[in-house]
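# Notes for the structure review
The lines below spell out each chain.
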Amino acid sequence: MSFVINWPKFSDEFIEKAKCQLTVALNKGEKPAKIVDEIIVRDLNMGTIPPELEILEIGDLAEERFRGIFKLTYTGDASVVLLTKVQVFYN
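Below is a summary of the structure that appears in this document. Being a predicted model, the structure only gives us computed values, none of them experimental.

Cut-off values and rules
- Residues numbered from 1 in each chain as written.
- Predicted model: local features only at pLDDT ≥ 70, side-chain atom pairs only at ≥ 80, totals over all residues.
- Heavy atoms only, no water.
- Helix = DSSP H or I, 4+ residues; strand = E, 2+ residues; numbered from the N terminus.
- Rg over C-alpha atoms; globule rule 2.2 N^0.38 Å.
- Buried < 20%, exposed > 50% of the residue type's maximum accessible area, 1.4 Å probe, protein only.
- Contact = heavy atoms within 4.5 Å.
- Lys, Arg positive; Asp, Glu negative; His and termini not counted.
- Charge placed at Lys NZ, Arg CZ, Asp CG, Glu CD.
- Pairing = 2+ DSSP bridges.
- Patch = residues over 30% accessible without salt bridge, like charges linked within 9 Å, V, L, I, M, F, W, Y side chains within 5 Å.
- Areas by Shrake-Rupley, 256 points an atom, 1.4 Å probe, with all protein chains shown as cover.
- Salt bridge = Lys/Arg side-chain N within 4 Å of Asp/Glu carboxyl O.
- Polar contact = N/O pair within 3.5 Å; in protein donor to acceptor, adjacent residues only side chain to side chain.

### Considerations on the overall build of the protein chain
From N to C terminus, the protein chain includes 1 helix and 5 strands. Start at the N end of the protein chain and walk to the C end: the helices and strands fall as β-α-β-β-β-β. Against the compact-globule benchmark of 12 Å for 91 residues, the protein chain has a radius of gyration of 18 Å, which places it well outside the compact range. Expressed along its principal axes, the backbone C-alpha trace of the protein chain runs to roughly 60 × 30 × 25 Å. Residues classed as buried in the protein chain amount to 14% of the 91 residues present. Of the contacts made within the protein chain by residues no fewer than 6 positions apart, 60% connect residues no fewer than 24 positions apart. Between the centroid of the 11 positive side chains of the protein chain and the centroid of its 14 negative side chains there is a distance of 8 Å.

Here it is in structure tokens:
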């Protein structure tokens with residue numbers, strides 16, 4: 001089973017919230033030693049082409065929950081620009 005996803009022009013408010021959430025997610029946990037600063041999502045463009053979502057298996061279907069295996073494919077034109085500092089040592 002496949003879905004057709006309506007991929008609108010996302011609002012500035014949505015983009016700013018998504019950038020903040022991605023920035024927080026990218027800074028959780030350990031980073032490689034060469035990354036010496038916070039990773040910041042500087043620009044986020046959701047593109048004009050929607051992803052393709054396919055349900056491969058439905059494992060549990062109840063009124064209050066749904067469990068399944070999905071396949072998400074994206075071959076669109078979205079982009080993300082990240083900003084951080086990298087430290088490199090020369091011998």
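### Examining the pairing of strand β3 (residues 52-61)
Here β3 runs beside strand β4 (residues 66-73); their pairing, made up of 8 bridges, is antiparallel. Bridged to Ile58 within β4 is Gly68. Between β3 and β4, which pair antiparallel in sequence order, lie 4 residues.

### Describing a nonpolar patch on the surface
Among the surface-exposed residues, Leu22, Leu26, Val80 and Leu82 lie close enough to one another that they form a single nonpolar patch of about 320 Å² accessible area. Put simply, the parts of the chain that give the nonpolar patch at least two residues each are α1 (12-26) and β5 (79-83). Following the sequence through the fold, Leu22 ends up in helix α1.

### Examining the side chain of Asn27
Tracing the backbone shows Asn27 in the loop between α1 and β2 (40-45). For Asn27, the side chain forms a polar contact with the side chain of Lys31, separated by 3.5 Å. Ignoring sequence-local partners within four residues, the contact set of Asn27 consists of Glu38 and Ile39.

### Overview of the pattern of salt bridges
By the definition in use, this model includes 2 salt bridges. With a closest N to O distance of 4.0 Å, Asp37 and Lys85 form a salt bridge. Of this pair, Asp37 sits in the loop between α1 and β2 while Lys85 sits in the segment after β5, and the two are 48 residues apart along the sequence.

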